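In case you want the letters, here they are:
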Amino acid sequence: MIDTVICGIRFSDLIIQMEEFHGYRSPGILVGGLMLDVAQEEMKPTPYLNAVTETVVCLPDAVQLLTPCTIGNGFLQIMDWGKFALTLYDRTTLSGVRTWLNADVLARFSLIRQWFERKTPAEAKPPFEKLAAEILEARGDLIRHRPVRLHRALKDSQHVTTIRCPECGEFYPKRLGPVCPACKGDAYFTYYPV
Ligand SMILES: [Zn+2]
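Note that the coordinates shown come from a computational prediction; the quantities given were computed from them, not determined experimentally. (Residues numbered from 1 in each chain as written. Predicted model: local features only at pLDDT ≥ 70, side-chain atom pairs only at ≥ 80, totals over all residues.)

1. Looking at the overall build of the chain
Looking only at helices and strands, the chain features six helices and nine strands. For the chain, the spread of C-alpha atoms along the principal axes amounts to about 60 × 45 × 30 Å. Counting contacts in the chain only where the partners sit at least 6 residues apart, residues at least 24 apart contribute 60% of the total. (Helix = DSSP H or I, 4+ residues; strand = E, 2+ residues; numbered from the N terminus. Contact = placed C-beta atoms within 7 Å.)

Quick look at the structure:
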């Protein structure tokens, strides 16, 4: 298990890297690493790699840890669908591979099922080492994949016209209306009085 290589990284090193990046040892990042491994194996190597994750948890960090695609460089898109699936594609050809967790294997792997179907944070988490061993044992059956073609590149490369908000004086995209979202009433904060 220690010698397993995932996305070119030894398992034992991957555990350290995910702790540094994600904050703790994450079964979801391990599964994400296996998904990325499969997707990259099935794709022609490309310098124009893009990624889409279909959940906001774990998988975005697996992509950012193990590929050049990040939220900040725009090559990772995140869909809040709550599905444990991700797609890698070449943004010049729009061809890629979608991978997802095969729900059919959950009946055979009880720790993976316990982790995956955990409905509330209060439910017991399987110990990481045992769960990771089961994930690696199941890896061949656990990850399904199929080639896909994107309908369009998901990176928003349109030039954004910005204007100055008449109320706060900060710049924001013009398409959002005559005042910025915060001044319109959508602010997620209140300033403390000065
Ligand atoms: Zn404003």
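What follows picks up the thread again.
2. Considerations on the nonpolar core
Formed by 34 residues in total, the largest nonpolar core has its most connected members in Ala51 and Val63. Residue assignment for this core shows that the elements contributing at least two residues are helix 1 (11-22), helix 2 (27-42), strand 3 (49-53), helix 3 (59-66), strand 5 (85-90), strand 6 (95-101), helix 4 (110-116) and helix 5 (128-142). Top contributing element to this core by residue count: helix 2, with seven residues. Among all residues touching Ala51, those that are not within four sequence positions of it are Val63, Thr67, Cys69, Phe75, Leu76, Leu86, Thr87 and Leu88. (Core = buried A, V, L, I, M, F, W, Y, C linked by C-beta atoms within 7 Å. Buried ≥ 20, exposed ≤ 12 C-beta atoms within 10 Å, placed from the backbone.)

3. As for the environment of Ile135
On the secondary structure map, Ile135 appears in helix 5. Residues Ile135 and Ile112, spaced 23 residues apart in sequence, show a C-alpha to C-alpha distance of 6.8 Å. With near-sequence residues (within four places) excluded, Ile135 lies in contact with Pro27, Leu30, Val31, Ile112 and Leu142.

4. Here's the deal with the pairing of strand 6
Burial runs high along strand 6: five of the seven residues are buried. Two strands pair when backbone bridges link them, and strand 5 and strand 6 are joined in this way by five bridges, in the antiparallel orientation. The partner of Leu88 across the bridge, within strand 6, is Val97. In this antiparallel pair of consecutive strands, strand 5 and strand 6, the connection spans four residues, and Leu94 shows a positive phi of 65°. In this sheet, strand 7 (residues 143-149) lies alongside strand 6 in antiparallel orientation, the contact comprising seven bridges. (Pairing = 2+ DSSP bridges.)

5. A closer look at the sheet that holds strand 4 (residues 76-78)
By way of backbone hydrogen bonds, the strands of a sheet pair with one another, either parallel or antiparallel. Spatially, five strands are ordered 4-3-5-6-7 in an open sheet, and the strand pairing comes out mixed. Either end of the sheet is taken by a strand with one partner, and the two such strands are strand 4 and strand 7. Direction aside, neighbouring strands of the sheet carry axes that sit 20° apart on average. (Axes fitted to C-alpha atoms, helices over the stretch in contact; angles between N-to-C directions.)

Remember that the coordinates give geometry; whether it matters functionally is a separate question.
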